[in-house]
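Structural characterization, general
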Amino acid sequence: MASVTLEKLNKTFGHEHIIKDVDLKVGNGEFVVFVGPSGCGKSTLLRLIAGLESISDGELRIADDVVNDLPPRERGVGMVFQSYALYPHMTVYENMAFGLKLAKMAKQTVDERVMATARILQLEDLLHRKPKELSGGQRQRVAMGRAMAREPRILLFDEPLSNLDASLRVQMRNEIARLHHRLGSTMIYVTHDQVEAMTLADKIVVLRDGRIEQVGSPQTLYQQPLTKFVAGFIGSPTMNFMPAELLGGNEEGCRVRAPGLGELSLPQDASGQPAGAELSLGVRPEHLRLAEADGDNRFEIVNVEYLGNEVYVYLEPRVGDTLLIHRSEAPSRWELGQRVALVPELEHVHLFDAEERALEIASGRRAA
Ligand SMILES: Nc1ncnc2c1ncn2[C@@H]1O[C@H](COP(=O)(O)OP(=O)(O)O)[C@@H](O)[C@H]1O
Ligand SMILES: [Mg+2]
């Protein structure tokens with residue numbers, strides 16, 4: 001187990017600047033997830049930590065050691081990839097033992113390590129099988145076992161579940177979470193899937209175009225996104241956004257007008273914005289309530305999705321390109337074709353300025 005510290009880490013490939021001034025502290029035993037859209041630099045950042053790519057600028061420390069120039073095998077990291085890359089002609093046991101034998105470990109130590117790892121991952125009954133005789137989930141567990149058997153100081157995962165079908169993914173996600181509870185080892189996990197990030201992480205790092213957009217607990221990112229990008233990336237169905245005009249405001253709150261919502265008094269501090277500023281208003285589907293017959297029923301229900309435990313209601317006219325979504329517990333009283341008014345829960349409304357940065361809630365007006 002060890003902490004990992006990144007200071008002003010940069011990576012360039014030729015003229016392409018891919019990782020930009022990344023500062024991050026991963027605590028001892030913490031489960032940190034890097035999340036962001038495809039191509040934002042998640043794998044590159046992980047490979048910099050593993051030592052599979054050279055660092056262009058900045059400092060990387062594992063525990064108290066600067067490891068910038070250490071080769072991968074001397075960093076004490078284990079890595080699990082999306083493609084398991086197991087040796088097809090070797091058994092599960094041999095796959096897990098291979099790296100240890102290469103490191104010239106005594107036969108008995110190798111055996112103890114492999115057996116202990118197999119016990120943790122419930123692979124004991126499969127040790128004699130070849131990879132082709134295993135299910136996708138079992139193969140993924142062997143790949144994890146191979147990394148864990150070396151007893152690394154840090155375990156790194158790069159989209160390890162992307163090749164599995166949906167139900168297996170949920171099951172393996174759960175197994176990885178429990179593994180972390182049991183081992184308490186430091187883990188860094190890359191995914192483009194915000195549900196995986198939300199469910200696994202102690203701390204989520206949202207990356208965008210090679211920079212850290214926001215770091216925080218799943219709850220912090222969901223409730224207090226600092227940018228419109230994070231607000232839209234975290235949460236499913238995604239947050240509703242609509243344009244809003246700032247009518248006036250000070251340090252204690254503000255008034256905005258949004259098409260379809262009318263005038264709203266909100267708890268955001270808008271003192272840094274000029275009156276008339278064009279803002280973006282965000283409200284999550286569960287915070288966008290519907291009401292009938294209040295004189296301004298300008299939205300029409302164009303689709304109702306029943307999911308068993310909850311219902312998603314889609315509304316027109318569109319705002320920009322997207323349909324607004326209301327979400328509530330099932331059963332729902334809303335029906336296709338009904339005309340409704342929108343009633344956002346004001347304490348859960350977000351406002352973003354022209355630079356897409358969230359306006360802060362006025363001090364003293366934060367919702368409990
Ligand atoms: N070896 C490389 N040479 C040049 N460009 C690379 C290399 N590896 C990654 N990149 C580029 O760096 C960017 C980030 O890639 P990557 O870290 O794989 O993204 P992610 O894992 O978030 O999808 C992409 O634009 C990719 O094309
Ligand atoms: Mg990747």
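Residues numbered from 1 in each chain as written. Chains lettered and ligands numbered in written order. Predicted model: local features only at pLDDT ≥ 70, side-chain atom pairs only at ≥ 80, totals over all residues. Heavy atoms only, no water.

- Within an unreviewed UniProt entry, the label attached to the protein reads Carbohydrate ABC transporter ATP-binding protein (CUT1 family), and the organism entered is Halomonas ventosae.

Quick word on the sheet that holds strand β7 (residues 154–158)
- Spatial ordering of the open sheet is given by β6-β7-β8-β3-β9-β10, a layout of six strands whose pairing is mixed. Looking at strand neighbours, the two that pair on one side only are β6 (77–80) and β10 (211–216), the edges of this open sheet. This sheet shows a mean twist of 20° between the axes of neighbouring strands, independent of strand direction.
- With five bridges connecting them, strand β3 (residues 31–35) and strand β8 (residues 186–191) associate as parallel partners. Note on β8: the bridge partner recorded for F34 is V190.
- Against the sheet, helix α4 (residues 136–148) makes contact with β6 and β7, and its axis sits at roughly 170° relative to β6, the strand it touches most. (Pairing = 2+ DSSP bridges. Helix = DSSP H or I, 4+ residues; strand = E, 2+ residues; numbered from the N terminus. Axes fitted to C-alpha atoms, helices over the stretch in contact; angles between N-to-C directions. Contact = heavy atoms within 4.5 Å.)

Comments concerning the layout of surface pockets
- The calculated volume of the largest pocket comes to roughly 670 Å³.
- Looking at the lining of the largest pocket, the elements with two or more residues in it are β6, α2 (92–102) and α4.
- Residue composition of the lining of the largest pocket, by class: 16 nonpolar, four polar and four charged. (1 Å grid on protein atoms, 1.4 Å probe; cavity = no way out; pocket = protein on both sides within 12 Å on 5 of 7 lines; lining within 4 Å. Points joined across faces, edges and corners; volume = space filled by probe spheres on them. Nonpolar A, V, L, I, M, F, W, Y, C, P; charged D, E, K, R; others polar.)

Re the UniProt feature "domain: ABC transporter" (unreviewed entry) in the protein
- In the UniProt entry, the feature "domain: ABC transporter" (unreviewed entry) is given for residues 4–234.
- Annotated as residues 4–234, this span is 36% helix and 26% strand, and its ends, taken at the C-alpha atoms, are 25 Å apart. (UniProt positions renumbered as here; feature names shortened; annotations may be inferred.)

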